[in-house]
Amino acid sequence: MTVRIGDEAPDFTAETTEGTIRFHEWIGDKWAVLFSHPKDFTPVCTTELGYMAKLKPEFDKRNTRIIGLSIDPVSDHNKWVNDIKETQGTAVNYPMIGDADLVVAKLYDMIHPNASGGKRTAADNATIRSVFIIGPDKKVKAMLIYPMSAGRNFDEVLRLLDSLQLNAKHAVATPVNWKPGQDVIIPTSVSDEEAKKKYPQGFKTHKPYLRTVAQPK
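The model shown is predicted, which means the values in this text are computed figures rather than measured ones.

Conventions adopted
Throughout, residues of each chain are indexed from 1 in the direction in which the sequence is written. It should be noted that, the model being predicted, local features are given only for residues of pLDDT at least 70 and side-chain atom pairs only at 80 or more, the latter also being counted only at that level, while totals for whole chains, interfaces and linings use all residues. To get the side-chain values, all heavy atoms of the structure are used, and hydrogens and water are removed first. At least two DSSP bridges between two strands are required for those strands to pair. Only DSSP runs of H or I covering at least 4 residues are called helices, and only runs of E covering at least 2 are called strands; the numbering of each starts at the N terminus. Helices are assigned an expected span. That span is 1.5 Å times one less than the residue count. In this scheme, the bend at a residue equals the angle between the axes fitted to the seven residues that finish there and the seven that begin there. Only protein chains enter the calculation, and the probe is 1.4 Å; a residue is then buried if its accessible area is under 20% of its type maximum, exposed if over 50%, and partly exposed in between. Any two residues having at least one pair of non-hydrogen atoms within 4.5 Å are treated as being in contact. Pairing of aromatic rings covers Phe, Tyr and Trp, the last counted by its six-membered ring, and requires centre-to-centre distances within 6.5 Å; plane angles under 30 degrees mean stacked, over 60 mean edge-to-face, and any other angle means tilted. Here is how to tell: hold the view so the strands point away, follow the path from the first strand over the helix to the second, and if it runs clockwise the crossover is right-handed. Interaxial angle, 0 to 180 degrees, is taken between N-to-C directions of lines fitted to C-alpha atoms, where a helix line uses only the stretch in contact. Oblique is the label for every angle not falling under 35 degrees (roughly parallel), over 145 degrees (roughly antiparallel), or within 65 to 115 degrees (roughly perpendicular). All residues other than Ala, Val, Leu, Ile, Met, Phe, Trp, Tyr, Cys, Pro, Asp, Glu, Lys and Arg, Gly among them, are scored as polar; the first ten of these are nonpolar and the last four charged.

(A) Inspection of the sheet that holds strand β9 (residues 204-207) at higher detail. The strand order across the open sheet built from three strands is β8-β10-β9, with neighbouring strands paired in antiparallel fashion. Strand pairing shows two members of the sheet lacking a second neighbour, β8 (184-185) and β9, which therefore form its edges. Judged from the two bridges that link them, β8 and strand β10 (residues 210-213) form a sheet pairing that is antiparallel. Counted as the bridge partner of Ile185 is Thr212 from β10.

(B) Fine view of helix α2 (residues 43-61). Between its terminal C-alpha atoms α2 stretches 29 Å, which fits the 27 Å expected from 19 residues at 1.5 Å a residue. Roughly 50 degrees is the biggest bend found in α2, and it falls at Leu55, with proline Pro57 one to four residues downstream. Every buried residue of α2 is listed here: Cys45, Thr46, Glu48, Leu49, Gly50, Met52, Ala53, Leu55 and Phe59. Along its buried surface, α2 packs onto β3 (31-37), β4 (64-70), α3 (74-88), β5 (96-98) and α5 (154-170). Asn63 lies just past α2 and shows a positive phi near 55 degrees.

(C) Up close: the environment of Val190. Among the structural elements, Val190 can be located in the loop between β8 and α6 (192-198). In contact with Val190, not counting residues within four places along its chain, are Ala195 and Arg211.

(D) Seen up close, the packing of aromatic side chains. Taken as a whole, this structure holds seven aromatic pairs when the rule is applied. Their ring planes at 65 degrees and their centres at 5.0 Å tell us that Tyr108 and Phe132 sit as a pair that is edge-to-face. Of this pair, Tyr108 sits in the loop between α4 (103-107) and β6 (130-134) while Phe132 sits in strand β6, placing them 24 residues apart in sequence. Across the pair, Phe132 and Tyr108 agree in class, each one buried. In this structure an aromatic cluster arises from ring pairing among Phe12, Phe23, Trp26, Tyr108 and Phe132.

(E) Spotlight on α3. With 15 residues, α3 extends 20 Å from end C-alpha to end C-alpha; this agrees with the ideal 21 Å at 1.5 Å per step. Residues Val74, His77, Trp80, Val81 and Ile84 constitute the buried set of α3. On its buried face, α3 sits against β1 (13-16), α2, β4 and β5. Of the residues trailing α3, Gly89 is marked for its positive phi of about 80 degrees.

(F) A look at the pairing of β3. The element β3 is largely enclosed, with a buried count of seven among its seven residues. In this sheet, β4 lies alongside β3 in parallel orientation, the contact comprising seven bridges. From the neighbouring strand, Phe35 faces β4, where its bridge partner is Gly68. For the handedness criterion, the β-α-β arrangement of β3, α2 and β4 is classed as right-handed. Inspection of the sheet shows β3 paired to β6 by four bridges, in the antiparallel sense. Within the sheet, the bridge partner assigned to Phe35 lies in β6 and is Val131.

(G) Summary view of the packing of α2 against α3. Two numbers describe how α2 lies on α3: the axes approach to 9 Å, and their chain directions differ by 75 degrees. Considering their axes alone, α2 and α3 lie roughly perpendicular with respect to each other. Here Cys45, Thr46, Thr47, Leu49, Gly50 and Lys54 of α2 lie close against α3, whose contacting residues are Trp80, Ile84, Thr87 and Gln88. Of the residues belonging to the contact of α2 with α3, the class tally is four nonpolar, five polar and one charged.

Below you can see the structure in the form of structure tokens.
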């Protein structure tokens, strides 16, 4: 199946390093970030998993759960986390999905639907380097896909999450390189009359289609 922004995130039951989960139930009324890896004991992914562990308090502040996935069994994950702690200085503090049979990878359209499990190399799973941000409504809000050679920028994932949550709460858009606290954009679907009611403090019209206002609280 093909997964697109706005689709319901495929639900699944899987074994993780923190026990069996049913994905939608595990998300509950929170946001979620699912990020995947092509193989355990790979260098780039080792650095990523450690950094996400350091960032977890930031995701917690945003009512967001994080979960990793790798195309290996949970038993291998449990060995890998020792390397992650040793080399990155932070213990993995979130669940990691074991997906040796590629069920979740196929559900999320990260790998060819005819791929089979068994003995696979990281190169066989090169496409499984994705990030999915999922809302409390279980809809996919954003997707990022990276090659194996480039470590992901999880600070950018946090920034993107801030933008998505702001839009969900206030129906505003964010401009290029926006950071929390900076001005935001009033969507073109909002008329000037509506904007004046919504933002009595005023807003700036750069062009009829480009209006900015201080970030709502």
